[in-house]
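# Structural features, examined
Next come the chains, spelled out residue by residue.
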Amino acid sequence: MLRFILQRLLWVPPTLIAISVVAFAIINLPPGDYVDRYALQAAAQGDVMTEAQKEALRITYGLDAPIPVQYVRWMSDMLLHGNFGWSFQHSRPVAEVIGERLGLTAILSIVTLTVTWMIAIPIGIYSAVRRYSIADYVFTSLGFFGLALPNFLLALALMYALFVFTGQSVGGLFSSQYADAPWSLGKVLDLLAHLWIPILVLGISGMASIIRTIRANLLDELRAPYLSAARAKGLPETWALLKYPVRHAMNPFVSGLNDVFVHIISGETIVAIVLGLETTGPLLFDALRNQDMFLAATLIMFLGILGMIGTLFSDVLLAWLDPRIRRQFTLVERRA
Amino acid sequence: MAEVLHDTPFLEVRDLHVSFAEGDRQFTALDGVSFQVRRGRTLCLVGESGCGKSLTAKAILQVMGDNARIGQGGIWLCRDGRESIDIAALDPRGSAIRSIRGNDIAMIYQEPMSALSPLYTIGDQISEVLRWHGNTSRSEAREEAIAVLRAVGMPAPEKRFDAYSFELSGGQRQRAMIAMALVGRPQLLIADEPTTALDVTTQAVILDLLRERQQAQGMAMLFITHDLGVVSEVADDVAVMYMGRIVESGPVAEVLSDPRHPYTRGLLASRPSVTGRRRDRLETIPGTVPHLHNRPSGCAFFARCGHRRPGECDRQAPPPRQLAEARQAACWALDDEGHLQAAETHAPAVARRKPDYTCPPLLKVRGLKKHFLQGGGLFTKPRRVRSLDGVSFDIWPGETLGLVGESGCGKSTLGQTVIGLHKPSEGKVFLSNKGHDVDLAALPPAARRRHWRDIRMVFQDPNGSFNPRLTVYDILAEVLSVAGESRPAIASRVHEVMRMVGLDTAYLDRHAHAFSGGQRQRIGIARALASRPRLIIADEPVSALDVSVQAQILNLLRDLQAELGLSYLFISHDLSVVRHISDRVAVMYAGQVVELAPTEELFSAPRHPYTRALLNSVLEPTVARRTERQRLAGSVPDPAAFPEGCRFHPRCSLASDECRRTPPPLAASGSGRDVACFHPLPAAVPVRLLEPA
Ligand SMILES: Nc1ncnc2c1ncn2[C@@H]1O[C@H](COP(=O)(O)OP(=O)(O)OP(=O)(O)O)[C@@H](O)[C@H]1O
Ligand code: SF4
Ligand code: SF4
Ligand SMILES: [Mg+2]
């Protein structure tokens with residue numbers, strides 16, 4: 001097992017380098033750079049920049065060097081000094097910009113995931129075990145609804161409804177008076193008061209798909225002979241269900257968890273934009289749009305790392321859950 | 001258990017009806033089943049697939065699944081010193097039935113691989129029975145489970161307790177399954193096809209084990225099987241089941257020696273035998289078991305019955321008739337004495353066609369090896385699995401070469417390597433082509449393709465080899481269109497092969513999964529025939545089929561051979577089938593041929609100790625058997641680590657020091673026979689099996 005994890009970790013650095021190169025290349029793909037864009041914006045406000053001014057700006061930002069050189073500089077700064085570069089758009093170090101968003105994004109995503117799982121998994125189990133019952137029909141139809149409805153529409157509808165009925169704007173994660181205030185009890189409570197809307201919006205579609213997968217997995221498992229065998233041994237019904245089919249149905253679910261961390265950070269970008277959430281999703285979106293290249297590249301690389309951690313996490317979890325996989329590794333270890 | 005009241009009924013099933021709900025329709029699956037299982041005795045339930053055998057077993061434990069419902073009838077359980085109780089009236093989720101399950105009645109499932117969960121150790125799954133019935137502690141339960149594992153002959157039971165099902169061999173898995181059933185000390189053991197998935201040699205050992213445990217614990221046993229050979233080995237009483245009814249029942253000797261019902265007779269006649277006269281064609285029961293949705297009114301067997309009486313049989317189902325004490329049959333054609341009237345139609349006796357051994361062989365295989373490298377990662381050395389390790393033989397035009405051996409001996413690898421699915425590690429495969437021998441193994445893939453048409457393959461599970469999106473027409477046309485034939489030529493050939501295999505051309509635009517097992521195998525054969533091959537490699541082509549359908553397919557293969565002069569390489573683990581169809585037989589062990597001989601000689605006087613052991617394990621539906629026989633202990637060696645010297649020596653009773661040192665070569669030993677053994681058995685002495693049957 002340990003050996004397996006180490007082997008996987010060995011692959012992380014080369015993959016990371018590959019991801020960073022690709023991320024960097026993609027951001028530099030569109031013609032022009034941040035300075036051009038900046039000049040364009042300035043021009044729109046009637047403030048024409050000369051070529052010399054642009055060139056000076058490029059030199060300050062280090063954009064005059066060839067792209068490979070920029071890449072090497074960025075990488076070595078990151079590795080040697082922990083410096084992720086400068087965000088042109090925010091005029092602050094990238095690390096700072098991301099840092100302040102990260103905590104909130106993680107809180108939002110983790111709470112959403114936990115709530116979704118806690119509700120969806122039992123419902124999925126119930127739906128499968130009591131197939132064709134009224135509750136099953138209700139859950140299944142709600143599930144279809146949840147899957148079919150685009151999230152941002154739901155978000156819009158909810159905001160509109162709340163505005164009409166309560167007269168208050170519910171976008172964002174904080175009320176205006178707390179947005180820039182230091183953390184306090186009041187701020188936490190305010191966060192909680194705002195949190196339920198994104199949780200609901202993101203949760204509903206997540207739940208719908210989890211209910212569907214769990215129900216489908218479990219329906220297959222309910223036909224398996226080991227359930228019948230467990231009953232024939234005299235096990236109580238609920239115990240037999242939980243110990244055999246439910247446990248078996250968890251495996252495909254767990255192997256689908258590999259991109260869970262990516263989701264946690266990137267979140268549902270469109271929903272976040274609609275709801276005005278200050279999470280990392282919209283941040284990346286803006287960074288890409290404005291060719292804020294160090295910020296964008298750092299974020300993409302970040303997502304890459306999380307993707308790899310997620311895959312490792314779900315593989316390890318699966319190995320821990322499924323002896324068939326576990327024994328494969330130990331076999332290899334013993335022979336080595 | 002001295003005070004067990006032998007022969008008194010422990011379980012009595014009376015007029016049991018079970019139906020399935022599909023949508024808002026009901027389908028009857030069990031239509032009035034009645035039988036008794038007595039203490040200390042074994043009742044065998046036989047019948048083709050889909051007759052309701054497993055369903056009966058599951059009904060007894062009320063574990064049928066949610067869409068099944070018990071209608072009329074009762075399942076009476078008569079435990080010692082307690083009031084009789086009707087299981088059919090119990091709530092399937094209640095505590096009353098739960099205390100019976102695993103405790104009074106336990107069940108061995110049809111497929112141990114899927115009835116044991118791979119996520120828990122077998123020890124956990126065995127000992128949980130004890131933990132739920134009574135308050136046994138974890139460590140006591142462990143002790144007891146290990147004791148039971150030891151009693152069922154599991155090697156190293158303490159270690160195996162913590163093993164998972166996928167780490168065990170087929171025989172060990174079945175032992176674990178049996179231990180799981182026995183650990184609660186049940187008074188009735190239901191065994192649903194406990195040996196169907198096993199090799200003959202392992203089957204014999206498991207049957208011995210079950211009998212031994214039955215005697216030790218004084219259990220009653222309900223034994224479900226489709227194999228009449230197994231019935232004769234284990235049963236005291238037999239009940240023959242057809243479409244959810246018992247059509248004939250009685251003591252085993254009487255039913256097998258004097259079957260009264262046409263269905264019982266059909267089952268017995270369609271089975272090839274390893275003793276007795278070799279017939280050119282097998283008698284068959286035409287057709288297959290109808291689906292539940294098409295249950296005929298009147299006698300359910302009507303459409304397939306050679307004795308049927310239109311106007312009588314199809315109007316009303318025949319009631320069971322008492323023929324003698326404990327002997328019943330349900331058929332309108334029985335006369336007043338209970339004998340079947342009207343003569344049976346016999347299959348025409350066509351003379352056996354002999355292949356012409358004077359012409360050169362069609363296929364010559366020389367020193368063929370196939371080694372697989374398995375596992376091995378960044379830092380580990382892979383295992384060299386020697387699946388095929390130096391095999392040589394010839395097949396003549398129009399000849400059938402049978403290939404037998406236990407599972408894992410390399411039979412399938414041989415077939416697949418000959419046809420080119422694997423690249424041989426060593427050796428040559430010569431195909432005679434217009435007087436020249438072409439070495440297929442040495443040809444580059446493109447050149448090989450031209451010879452694809454000459455050698456075709458038929459698989460065990462044709463369904464697995466059919467693309468579910470293709471129609472039968474597409475399946476049959478595929479090889480022809482790859483070969484670039486014109487559309488009209490393809491169409492006429494497709495129709496032709498459909499007629500050859502006896503299928504209606506109206507089926508051509510259906511999808512393969514809509515067919516029964518036997519029909520699918522006909523499609524598989526038609527597909528192989530389409531390109532006009534000269535050799536067909538058939539890998540277990542009838543193993544998944546019921547005896548009656550198996551007989552139909554075997555007859556078809558015979559007819560096609562006579563008509564087209566085909567050669568077959570016929571791979572099977574079933575010796576009676578191989579004896580029936582083959583001109584010569586090769587016996588494989590551990591990747592090598594150990595004996596090769598003309599069929600009659602091989603079966604009447606095997607010379608290799610392994611061949612004899614295989615023959616000794618075969619069960620035949622003859623009465624007056626159950627003599628003590630020598631069992632083949634141990635199992636097939638690991639193909640990555642064969643023993644030194646003769647690979648059979650750890651299991652051979654004749655092994656000498658020489659055998660342990662030097663591998664015996666395959667050498668001619670007279671009358672066209674090759675044997676690889678230093679101490680072959682004498683050619684003259686027949687085995688016990690050949691006593692006149
Ligand atoms: N859950 C179910 N729903 C509908 N039909 C079913 C169900 N289970 C079994 N059947 C049908 O009931 C009939 C009897 O099935 P059963 O499994 O008892 O056959 P069997 O005699 O044990 O066959 P085999 O030899 O293949 O094991 C079959 O026609 C089968 O298709
Ligand atoms: S009742 Fe008629 S159809 Fe049925 S088995 Fe007897 S003879 Fe055949
Ligand atoms: S060579 Fe020896 S060990 Fe091998 S089969 Fe013959 S007698 Fe047995
Ligand atoms: Mg069955």
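Below or above, wherever it landed, is the structure these notes cover. Model, not experiment: these values are computed from the prediction. (Residues numbered from 1 in each chain as written. Chains lettered and ligands numbered in written order. Predicted model: local features only at pLDDT ≥ 70, side-chain atom pairs only at ≥ 80, totals over all residues. Heavy atoms only, no water.)

What follows covers the overall build of chain B. What chain B contains, in helices and strands, is 22 helices and 25 strands. A compact globule built from 693 residues would reach a C-alpha radius of gyration of about 26 Å, and chain B, at 26 Å, matches this within 12%. Referenced to the eigenvectors of the C-alpha coordinate spread, the extents of chain B come out at roughly 80 × 65 × 55 Å. Residues classed as buried in chain B amount to 55% of the 693 residues present. Accessible surface computed for chain B: about 28,900 Å², of which carbon and sulfur atoms make up 50%. Taken together, the 84 basic and 78 acidic charged side chains of chain B have centroids lying 5 Å from each other. (Helix = DSSP H or I, 4+ residues; strand = E, 2+ residues; numbered from the N terminus. Rg over C-alpha atoms; globule rule 2.2 N^0.38 Å. Buried < 20%, exposed > 50% of the residue type's maximum accessible area, 1.4 Å probe, protein only. Areas by Shrake-Rupley, 256 points an atom, 1.4 Å probe, with all protein chains shown as cover. Lys, Arg positive; Asp, Glu negative; His and termini not counted. Charge placed at Lys NZ, Arg CZ, Asp CG, Glu CD.)

The subject of this paragraph is the interface of chain B and chain A. Between chain B and chain A, the residue contacts involve 33 residues of the former and 29 residues of the latter. In this assembly, chain B packs against chain A so that about 2,900 Å² is buried in total across both faces, 59% of it on carbon and sulfur atoms. Summed over the shared surface of chain B and chain A, the result is four salt bridges. Applying the counting criterion to the chain B and chain A interface returns 14 residue pairs in polar contact (both at pLDDT 80 or more). Those elements giving two or more residues to the side of chain B that touches chain A turn out to be α1 (53–61), α3 (112–115) and α4 (122–132) of chain B. At five residues, the largest contribution of residues to the side of chain B that touches chain A is made by α4(B). Of the residues that constitute the side of chain B that touches chain A, the class distribution is 16 nonpolar, seven polar and 10 charged. (Contact = heavy atoms within 4.5 Å. Buried area = accessible area lost by both parts, 1.4 Å probe. Salt bridge = Lys/Arg side-chain N within 4 Å of Asp/Glu carboxyl O. Polar contact = N/O pair within 3.5 Å; in protein donor to acceptor, adjacent residues only side chain to side chain. Nonpolar A, V, L, I, M, F, W, Y, C, P; charged D, E, K, R; others polar.)

The next subject is the packing of aromatic side chains. As enumerated under the stated definition, the model contains 19 aromatic pairs over all chains in all. Ring centres of B:Y164 and B:F166 lie 5.6 Å apart, and the angle between their planes is 10°; this geometry places the pair in the stacked category. On the basis of relative accessibility, which here comes to 25%, the residue B:F166 falls in the partly exposed class. For the ring pair B:Y263 and B:F301, a centre distance of 5.1 Å and an interplane angle of 65° mean the geometry is edge-to-face. With B:Y263 in helix α11 (residues 262–269) and B:F301 in the loop between α11 and β12 (321–324), this residue pair connects regions lying 38 residues apart in the sequence. Both residues of the pair, B:Y263 and B:F301, belong to the buried class. For the cation-ring pair, A:K243 lies above B:Y120, with the distance from its terminal atom to the ring centre recorded as 4.7 Å. (Phe/Tyr/Trp six-rings, centres within 6.5 Å; stacked < 30°, edge-to-face > 60°. Lys NZ or Arg CZ within 6 Å of the ring centre and 35° of its normal.)

Let us now look at the site of ligand 1. Residue and element names in this part refer to chain B. Around ligand 1 sit 14 residues, and of these S49, G50, K53, S54 and L55 come closest. At 2.3 Å, a side-chain N or O of S49 approaches an oxygen atom of ligand 1. Protein contacts shield 70% of the accessible area of ligand 1, which totals 640 Å² for the unbound molecule. In the shell around ligand 1, the residues fall into four nonpolar, six polar and four charged. (Near = heavy atom within 4 Å.)

What follows covers the packing of helix α2 (residues 12–27) of chain A against helix α16 (residues 293–321) of chain A. Residues and elements named next belong to chain A. Relative orientation of the contacting elements α2 and α16 amounts to 145°, with a least axis distance of 9 Å. Remark: the crossing between α2 and α16 carries right-handed chirality. Contacts from V12, T15, L16, I19, S20, A23, F24 and I27 in α2 reach M293, F294, A296, A297, I300, M301, G304, I305 and M308 in α16. Of the residues in the contact of α2 with α16, the class split is 14 nonpolar, three polar and no charged. (Axes fitted to C-alpha atoms, helices over the stretch in contact; angles between N-to-C directions. Left-handed = near helix turned anticlockwise from the far one by under 90°.)

This part is about the coordination of the magnesium ion (ligand 4). When a metal carries six donors in an octahedron, the ideal angles between them are 90 or 180 degrees, while four donors in a tetrahedron ideally lie at 109.5 degrees. Residue and element names in this part refer to chain B. Every protein donor of the magnesium ion (ligand 4) is listed here as S54 (OG) and Q110 (OE1), and their distances to the metal cover 1.8 to 2.5 Å. Taken together, the residues span a long stretch of sequence, with S54 in helix α1 and Q110 in the loop between β7 (105–108) and α3 at a distance of 56 residues. You can call Q110 partly exposed: its relative accessible area is 32%. (Donors = N, O, S within 2.8 Å, 3.2 Å for Na, K, Ca; no water.)

Further remarks concern the sheet that holds strand β13 (residues 327–329) of chain B. All names here are of chain B. On the basis of which strands lie adjacent, the open sheet formed by eight strands has the order β7-β8-β9-β3-β10-β11-β13-β12 and mixed pairing. Each having just a single partner strand, β7 and β12 make up the two edges of the open sheet. Taken pair by pair, the neighbouring strands of this sheet meet at an average axis angle of 20°, ignoring direction. Here β7 runs beside strand β8 (residues 188–192); their pairing, made up of four bridges, is parallel. Paired with I105 across the strands is L188, a residue of β8. Its contacts with the sheet place helix α7 (residues 170–182) against β7 and β8, and it is angled at close to 170° to β7. In this fold α11 packs onto β10 (237–242) and β11 (245–251), with an angle of close to 100° to the strand it touches most, β10. (Pairing = 2+ DSSP bridges.)

Function cannot be read off these values alone, since they describe shape.
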